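Structural overview
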Amino acid sequence: MFEYDLSEVPEQIVRRDFLKQLSAAGLAAMAAGAPRDLSANDELKHPEATADACILIWMGGGMAAPETFDPKRYAPFEKGLPIKDVLSTFPAIDTSVDNIKICQGLENIAGVMDRATLVRSAVQADLGSILHSRHQYHWHTGYVPPQTVACPHLGSWMAKVLGPVNPVMPAFVNIGQRLEGVGEKEELKAFTTAGFFGSEYGPMNLPYPEQAAASVQPPKGMNAQRFASRNRLFKKLLKESPRSEYVSDYQQESMLNALDSAYHLLSSKDRNAFDISQEPQESYQRYDTGRFGRGCLLARRLVEAGTRFVEVTTEYVPFLHWDTHNSGHETVDRLHKEIDRPVAQLILDLEASGLLDRTLVIIASEFSRDALIEGKPGSTANDQATFKVDTISEMKHYGLHRHFTGGTSVVMFGGGMKKGFLYGKTADERPLIAIENPVSIMDLHATIMTAMGISPRTGFDIEGRPFYVTQDGNGQAVNDLFA
């Protein structure tokens, strides 16, 4: 792994170096041979699964825990309010669990917290210079970038080790995130991939849920015979491409397998799961708070049809959504309205169909936020707040505008987790660091993989290097979270 002291390096240089290393790792992955499963040598035993499917609800951009699932002392807006007195800009509300309160604006989610395990002590690594894409890469792959290999996404590990629940359905679907036309697009692409596992284990990307049905339909006027002929020709062209000399036989075969999977899906009735317009109108409207809400509906339909792993996101775009560098309170108020009803409805629908017990639903983000602290106490991370004031004079100053890595919240529903359970704690006053039962990304991943029936020590040999699903195979599941 590459090691850097990034504390004094300008952000644009960090980003440039990050991109260079990601590009090198990506090119190396295309030339790499078949990864070799290490479990036979290690006599590895996988745990008994408590979940068959996983839905990751990703709050890209840094969801502030004190504004969502870990409310602190509430300070209402007023001109002249000292920034140091701002811990939360939303009051706490009761939930369906006596000892759990969350923030105002999440009343529907509050009503289903008796189905949830709430971890309030998740912590992130101090990466020196805070780039959202680096922290998102770390969360999604378990490895701090840049690495010498292209690291597989969490969903790709599940696709590789477990395969799909339904062989016709894609094992890994990514909903709501554009990979073109947004800032940090190359960095986003770097972790939204199967890495060295190959194309067949990568995500099917669906940025717009309402357009998902069109993505699994053959072109208009295309009959079955012509469709089959075109598929054969495309595969032939791929094999004979002059670029194939730069791609290993394994990676090329993986691309062809991905094409075969797409062909079978487009030829199957299971593709109807992608068409959210077929949802009864009353149900559709419960989810329809916008693109994210429709993404939750699509995620539910895909899991019902046999997709193994679905990520649905509010979408990461720099300075938008959860990336609240200014006008934090107003932005989070809007986001509450977008996420509250769809998330709660997803849980209720999965429960009603009997799927919640075997579907692990996770709400997470790359880090939290604070009004004063960048990184965590002692960090040398550069202050990235849009404005630097000591007192609030305008509404745009009111909110949590700095990146905080000392403690954040993760919510887990179903999939063998306890119900109505609170784990860990952050301090009641600044600094709001995790002070009880801190949970690292490595151990959180170990917990998720254990629930899915995958040992945290699962590894593959790639070009002579052992590579594990949790860093160096050292992840430890948090057993207290399991029912």
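Residues numbered from 1 in each chain as written. Predicted model: local features only at pLDDT ≥ 70, side-chain atom pairs only at ≥ 80, totals over all residues. Heavy atoms only, no water.

1. Thoughts on the overall build of the protein
We count it as follows: What counts as a helix is a DSSP run of H or I of at least four residues, what counts as a strand is a run of E of at least two, and both are numbered from the N terminus. Only protein chains enter the area calculation, which uses a 1.4 Å probe; residues under 20% of their type maximum are buried, those over 50% are exposed, and those in between are partly exposed. Contacts are assigned to residue pairs that have any heavy atoms within 4.5 Å of one another. Only the protein chains shown count as covering a residue, and every accessible area follows the Shrake-Rupley method with a 1.4 Å probe.
A tally of helices and strands in the protein yields 13 helices and 17 strands. With 483 residues in all, the protein has 57% of them scored as buried. Considering only contacts within the protein whose residues lie at least 6 apart along the sequence, 79% involve residues at least 24 apart. Entry remark: accessible area of the protein is about 19500 Å², with carbon and sulfur atoms responsible for 49%.

2. Details of the pairing of strand β12 (residues 408-413)
The criterion, for reference: Paired strands, as defined in this entry, are two strands with at least two bridges between them according to DSSP.
Among the six residues of β12, six are classified as buried, and the element is accordingly described as predominantly covered. Residues Thr 408, Val 410 and Met 412 of β12 are buried on one face, and the alternating residues Ser 409, Val 411 and Phe 413, pointing to the opposite face, are buried as well. Inspection of the sheet shows strand β5 (residues 116-122) paired to β12 by five bridges, in the antiparallel sense. Paired with Ala 122 across the two strands is Thr 408, which belongs to β12. As paired strands, strand β9 (residues 359-364) and β12 are joined by three bridges and run antiparallel to one another. By the bridge assignment, Ile 362 is partnered in β12 with Met 412.

3. Digging into the layout of surface pockets
Spelled out, the test is: Detection works on a 1 Å grid of protein atoms alone, calling trapped sets that fit a 1.4 Å probe cavities and calling open sets with protein on both sides within 12 Å along at least five of seven lines pockets, with lining residues defined by an atom within 4 Å of a point. Grid points are joined across faces, edges and corners, and a volume is the space filled by probe spheres set on the points. Lys, Arg, Asp and Glu make up the charged group, whereas Ala, Val, Leu, Ile, Met, Phe, Trp, Tyr, Cys and Pro make up the nonpolar group; the residues left over, Gly among them, are polar.
Within this model, the second largest pocket holds a volume of roughly 210 Å³. Lining the second largest pocket we find 13 residues, and of these Asp 70, Pro 71, Lys 72, Arg 120 and Asp 428 sit closest to its centre. In terms of residue class, the lining of the second largest pocket is built from four nonpolar, three polar and six charged.

4. Focus on the sheet that holds strand β16 (residues 459-462)
Judged by pairing direction, the sheet is antiparallel, and its three strands sit side by side in the order β1-β16-β17 without closing on themselves. Each edge of the sheet is formed by a strand with only one pairing partner; in this case those strands are β1 (36-37) and β17 (465-468). Note that β16 and β17 share four bridges and pair antiparallel. Bridge pairing in β17 links Ile 462 to Arg 465.

5. What to know about the packing of aromatic side chains
The line we're drawing: Two aromatic rings, drawn from Phe, Tyr or Trp (for Trp, its six-membered ring), form a pair once their centres lie within 6.5 Å of each other, and the interplanar angle then sorts them: stacked below 30 degrees, edge-to-face above 60, tilted otherwise.
Counting across every chain of the model gives 12 aromatic pairs. Their ring planes at 65° and their centres at 5.5 Å tell us that Phe 77 and Tyr 398 sit as a pair that is edge-to-face. Of this pair, Phe 77 sits in the loop between β2 (53-58) and β3 (92-94) while Tyr 398 sits in the loop between β10 (368-370) and β11 (402-404), and the two are 321 residues apart along the sequence. The exposure class of Phe 77 is partly exposed, given its relative accessible area of 33%. Here the aromatic residues Tyr 143, Trp 157, Phe 196, Phe 197, Tyr 201, Phe 460 and Phe 467 are joined through ring pairs into a cluster of three or more.

6. Considering helix α11 (residues 291-305)
Operational definition: Each residue after the first adds 1.5 Å to the expected span of a helix.
End to end, α11 covers 21 Å across 15 residues, agreeing with the expected 21 Å (1.5 Å per residue, within 8%). A large share of α11 lies buried, amounting to 13 of its 15 residues. Gly 306 sits one or two residues past α11 and shows a positive phi near 110°.

7. Quick word on the nonpolar core
One recurring pattern in soluble globular proteins: nonpolar side chains tend to sit buried together. Threshold: Buried Ala, Val, Leu, Ile, Met, Phe, Trp, Tyr and Cys residues form a nonpolar core when they are joined through side-chain atoms within 4.5 Å.
Core analysis: the biggest nonpolar cluster contains 57 residues, and Ile 55, Ile 57 and Phe 413 have the highest contact counts within it. Among all residues touching Ile 57, those that are not within four sequence positions of it are Phe 292, Val 312, Val 343, Leu 346, Val 361, Ile 362, Ile 363 and Ala 364. Formed by 53 residues, the second largest nonpolar core is a distinct cluster that contains Leu 38, Cys 151, Val 182 and Ile 362.

8. Observations concerning the confidence of the model for the protein
Operational definition: Confidence of the predictor at the level of single residues is given by pLDDT, which spans 0 to 100.
For the protein, the average pLDDT comes to 89, and 86% of its residues sit at 70 or higher. Considering only residues more than four positions removed or in separate chains, one finds that residues 1-9, a stretch of pLDDT under 50, has 19 contacts.

9. A short note on empty space enclosed by the protein
Taken as a whole and judged by the stated rule, the model has three cavities of 30 Å³ or more. In this structure, the largest cavity encloses a volume near 80 Å³. Around the largest cavity, the lining residues are Trp 58, Gln 136, His 140, His 153, Asn 174, Gln 177, Leu 188, Phe 191, Thr 192, Glu 311 and Thr 313. Its residues placed into classes, the lining of the largest cavity shows three nonpolar, seven polar and one charged. In this structure, the second largest cavity occupies an estimated 60 Å³ of space. Every residue lining the second largest cavity is listed: Ile 83, His 325, Ala 371, Ala 385, Phe 387, Lys 388, Val 389, His 397, Gly 399, His 401 and Arg 402. Looking at side-chain class alone, the lining of the second largest cavity contains five nonpolar, four polar and two charged residues.

10. Digging into the packing of helix α4 (residues 132-141) against helix α13 (residues 441-451)
The criterion, for reference: Simply put, an axis is a line fit to the C-alpha atoms, just over the touching stretch for a helix, and the angle between two N-to-C directions goes from 0 to 180 degrees.
The interhelical angle for the contact between α4 and α13, taken along N-to-C directions, is 35°, at an axis separation of 9 Å. On α13, the residues that touch His 138, Trp 139, His 140 and Thr 141 of α4 are Ile 441, Leu 444, His 445 and Ile 448. The residue inventory of the contact of α4 with α13, partitioned by class, reads four nonpolar, four polar and no charged.

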